[in-house]
Amino acid sequence: PVLVVDYGAQYAQLIARRVREANVYSEIVPHTMPTEQILAKNPAAIILSGGPSSVYAEGAPRVEADLFQAGVPVLGICYGFQAMANALGGKVAQTGLREYGATDATMSGQARSILAGTPAAQNVWMSHGDSVHEAPEGFEVLATTSGAPVAAIADDERRLYGVQWHPEVKHSDHGQRILENFLFEGAGLKADWTTGNIVEEQVEKIRAQVGDGRAICGLSGGVDSAVAAALVQRAIGDQLTCVFVNHGLLREGEAEQVEKDFVAATGAKLYIADEQERFLTALAGVTDPETKRKIIGREFIRAFETAEAEIVKASANAGEPVKFLVQGTLYPDVVESGGGEGAANIKSHHNVGGLPEDLQFELVEPLRTLFKDEVRAVGAELGLPAEIVQRQPFPGPGLGIRIIGEVTEDRLNTLRRADAIARAELTAAGLDNEVWQMPVVLLADVRSVGVQGDGRTYGHPIVLRPVSSEDAMTADWSRLPYDLLARISNRITNEVDGVNRVALDVTSKPPGTIEWE
Ligand code: XMP
């Protein structure tokens, strides 16, 4: 693989994605990994990422000169570039001159080496305080900016390169070209990592892991569990049973979508556990959001265990236990929890689609190395319909955390209708791709006066929460066209009993979260 050494900013994931967009496989490793361990992974090339430190800061992460003597092509980016220059005997200065954001870069002489094919003047995205003032010996200076006299360097002989700016961000002109120059010209790699290869490779791996054992997979209705299940089904066929727990907190048409579309596309064995009663009973009288989440999570596990016991009882080789549990864990989850080396997970979300590891199963996680967009591509490759692979995120606890107040069957029906209308209008307006997701919230504990027909009504408000986001960590409210909002509002107030008002949430995240609970 191409190894991206993570110096602690968010850039490492972005770099890894850009490398994969060039159809080259990449993995992220922490900067704390010793050099010999990095080299033991047999990297085809190494990219040192940016990071928040100054090479002058006490305890600043270093890079050992050994890394550059192994004959592996290296590209240093931003902090990684400075650490590299420092390690190889160049000069890094604290100029006090900072450059942030869009910056003009000038190629010294012709744009060549990793800058080949890019213009002599380009706009690049910078974020640095220190800068390299003298290139290490053997390097040619390829570019300068007003704040960085040495903004890009190359030693084509040793195949070592560095750039001060961030080629991985879209604001840098020609950034992808520069990365590709490094991968294909500098490191001599081939663009042979494709979705088709991923499927083949994973199918083989799954077969090797599972052998003739039996596996189950919880389907949540979301993209990740559907794609994981489809991959495992491709690998082991009927040895897999998919379990779909219908907790009654789903949106209109969702249960049917799993039952029909998923099975039609994959041919997977599906066990449906209708547990709507169980969840409604457990949620009766509960209004506190965290309590709701805990109850839903707990009941989900119980429902899943019951389903598993039923499956074991009903199978031909009754009594033989299910040994494997398929999970749709993605690469960002693995990286964020310390690259799989056991650090604490920084996400506090209760993932109802996912199950705790202390259930007595060995885990099968075929998406562990993939980013979300790659998971979607794999899903499409496996023949899953767009309705499943392009689906917007939906929280595991479902409509349970979109009813502000107690969850009851009536309220669920009201919210389901309003949500279906809002979604249908958004789709009809062709704006599905403009919004990241659009929670529709029922303020069940709030009442408002209205007038409908000839009479006074005393109903409930519905809140629309359309947001744009990259990764759900931050978000902004979507500026949807007024006429679309008007259509949604008219239809909901006319067609949904008990709702006499529609409000729009115009809060970014932070300070608001995307969901209301
Ligand atoms: P918040 O509300 O924290 O949501 O801004 C961020 C993203 O996470 C989704 N979400 C959840 N997903 N289980 C999930 O699987 C949960 O408990 C959960 N809570 C929120 C939310 O829809 C948004 O995409």
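Residues numbered from 1 in each chain as written. Predicted model: local features only at pLDDT ≥ 70, side-chain atom pairs only at ≥ 80, totals over all residues.

Observations regarding the sheet that holds strand S15 (residues 324-326)
Definition in use: Strands are treated as partners if at least two bridges between them are detected by DSSP. For helices the rule is a DSSP run of H or I covering at least 4 residues; for strands it is a run of E covering at least 2, with both sets numbered from the N terminus onward. Throughout, an axis means a line fitted to C-alpha atoms (over the contacting stretch in the case of helices), and angles, computed between N-to-C directions, take values from 0 to 180 degrees. Residue pairs are scored as contacts if the distance between their C-beta atoms, which are placed from the backbone, is within 7 Å.
Spatially, the five strands line up as an open sheet ordered S14-S13-S12-S15-S16, and their pairing is parallel. The sheet terminates laterally at strand S14 (269-274) and strand S16 (362-364), the two strands that pair on one side only. Ignoring which end each strand starts from, the neighbouring axes of this sheet average 30 degrees apart. The sheet contacts of helix H9 (residues 289-314) involve strand S12 (215-219), strand S13 (240-246) and S14, and relative to S13 the element is tilted by about 140 degrees.

Topic: the domain arrangement of the protein
Applied cut-off: Throughout, the edges of the domains are those of an automatic or database domain assignment.
Domain boundaries assigned for the protein yield domain 1 (2-186), domain 2 (195-389) and domain 3 (402-504). A separation of 39 Å is found between the C-alpha centroids of domain 1 and domain 2. With six residues of domain 1 in contact, the opposing surface of domain 2 contributes five residues. Put simply, the parts of the chain that give the side of domain 1 that touches domain 2 at least two residues each are helix H1 (11-21) and strand S2 (26-30).

Considering the pairing of strand S19 (residues 455-464)
Where strand S17 (residues 440-442) and S19 come together, three bridges link them in antiparallel fashion. Looking at S19, one finds that Leu442 is bridged to Ile462. For strand S18 (residues 448-452) and S19, the ladder comprises five bridges, and the chain directions are antiparallel. Bridge assignment links Val451 to a residue of S19, and that residue is Arg456.

Focus: the confidence of the model for the protein
Condition: One confidence number per residue, pLDDT, is output by the predictor and ranges from 0 to 100.
The pLDDT averaged across the protein works out to 92; a share of 96% of its residues lies at or above 70. In this model residues 339-352 is a low-confidence stretch, pLDDT under 50, and it forms 22 contacts with partners more than four residues away in sequence or in other chains. Model confidence for the complex: the whole-complex pTM is 0.82, and ipTM, which rates the interface, is 0.98.

Considering the pairing of strand S1 (residues 2-6)
To keep things clear, this is the line we draw: Partly exposed residues are those whose C-beta has more than 12 but fewer than 20 other C-beta atoms within 10 Å; with 20 or more the residue is buried, with 12 or fewer it is exposed, and the C-beta atoms are placed from the backbone. With the strands pointing away from the viewer, any crossover whose connection runs clockwise from the first strand over the helix to the second is right-handed.
Buried residues dominate S1, accounting for five of its five residues. Neither face of S1 is left uncovered, since the one carrying Val2, Val4 and Asp6 and the one carrying Leu3 and Val5 both have all their residues buried. Sheet topology note: the S1/strand S3 (residues 45-48) ladder contains four bridges and is parallel. Paired with Val2 across the strands is Ala45, a residue of S3. Relative to S2, S1 runs parallel, the two being bridged by five bridges. For Val4, the partnering residue across the bridge sits in S2 and is Ile28. The handedness of the S1 to S2 crossover, carried by H1, is right-handed.

Some details on the sheet that holds strand S6 (residues 99-107)
With respect to topology, nine strands assemble into an open sheet ordered S2-S1-S3-S4-S11-S10-S9-S6-S7, the strand pairing being mixed. Strands at the two margins of the open sheet, each flanked by one partner only, are S2 and strand S7 (121-128). Neighbour to neighbour, the strand axes of the sheet diverge by 25 degrees on average, direction disregarded. Packed on one face of the sheet, H1 meets S1, S2, S3 and strand S4 (74-77) and runs near 160 degrees to S2.

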